[in-house]
Amino acid sequence: MSGRPLDVLEASLGERVTVRLKSGDEYVGDLAGYDQHMNLVLEDVTIPIGDEVESESPAEDTTIIRGDNVVSITP
């Protein structure tokens, strides 16, 4: 995997990723899309509570996250 951020996102399309925001919130979902500003589209999103992740059903079907709010994306 290349070290360039957009290459890492490209390789992670369709994969489960964890996104951490400036607010401290985390979202775990399937990366469905992104753009050059690192705006993200996640599907089947769950929201971790403490060390646990909601496992029953997704909290949201599709979530769009503005790139300005993203601190980290972990594939």
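For the structure, check the block above.
Anyway, here's the lowdown on the structure attached to this text. Just so it is clear, the structure is predicted and the values come from calculations on it, not from any experiment.

**Considerations on the nonpolar core**
(1) Moving on: Formed by Leu9, Val17, Val19, Leu21, Leu31, Leu40, Leu42, Val45, Ile65 and Val70, the largest nonpolar core amounts to 10 residues.
(2) Moving on: Of all the secondary structure elements, the ones that give two or more residues to this core are β1 (16-21) and β3 (40-46).

**So, the side chain of threonine 63**
(1) Moving on: The residue threonine 63 is located in strand β6 (residues 60-65) in this model.
(2) Moving on: Overall, the relative accessible area of 15% leaves threonine 63 in the buried class.
(3) Moving on: Dropping the residues within four chain positions of it, threonine 63 is found in contact with Leu40, Val41, Leu42 and Val45.

**Regarding a negative patch on the surface**
(1) Moving on: Taken together, Glu43, Asp44, Glu60 and Asp61 make up a surface patch of like negative charges.
(2) Moving on: Sorting the residues of the negative patch by element identifies β3 and β6 as the ones contributing at least two each.
(3) Moving on: Relative to the elements of secondary structure, glutamate 60 occurs in strand β6.

**Digging into the pattern of salt bridges**
(1) Moving on: For the coordinates displayed, the defined rule picks out 4 salt bridges.
(2) Moving on: A salt bridge links aspartate 7 to arginine 4; the nearest nitrogen and oxygen atoms lie 2.7 Å apart.
(3) Moving on: The class for aspartate 7 is partly exposed, based on a relative accessible area of 26%.

How each quantity is defined
- Each residue is numbered by its place in its chain's sequence as written, counting from 1.
- Where local features are concerned, this predicted model is filtered to residues with pLDDT of at least 70; where side-chain atom pairs are given and counted, the filter is 80 or more; whole-chain, interface and lining totals use all residues.
- Think of the side-chain values as coming from all heavy atoms in the structure, minus any hydrogens and water.
- Think of a nonpolar core as a cluster: buried Ala, Val, Leu, Ile, Met, Phe, Trp, Tyr and Cys residues, connected wherever their side-chain atoms sit within 4.5 Å.
- Only protein chains enter the accessibility calculation, which uses a 1.4 Å probe; a residue is then buried when its area is under 20% of its type maximum, exposed when over 50%, and partly exposed in between.
- Only runs of H or I of at least four residues qualify as helices and only runs of E of at least two qualify as strands under DSSP, and these elements are numbered from the N terminus.
- In what follows, residue pairs with any heavy atoms lying within 4.5 Å of each other are defined as contacts.
- To count toward a patch, a residue needs a relative accessible area over 30% and no salt bridge; like charges are then connected within 9 Å, while nonpolar side chains (Val, Leu, Ile, Met, Phe, Trp, Tyr) are connected within 5 Å.
- Only the protein chains shown count as cover for residues, with accessible areas throughout obtained via the Shrake-Rupley method and a probe of 1.4 Å.
- The working definition used for a salt bridge is a side-chain nitrogen of Lys or Arg within 4 Å of a carboxyl oxygen of Asp or Glu.
- For the charge count, each Lys or Arg is scored as positive and each Asp or Glu as negative, with His and the chain ends excluded.
- Every charge is mapped to an atom, namely NZ of Lys, CZ of Arg, CG of Asp or CD of Glu.

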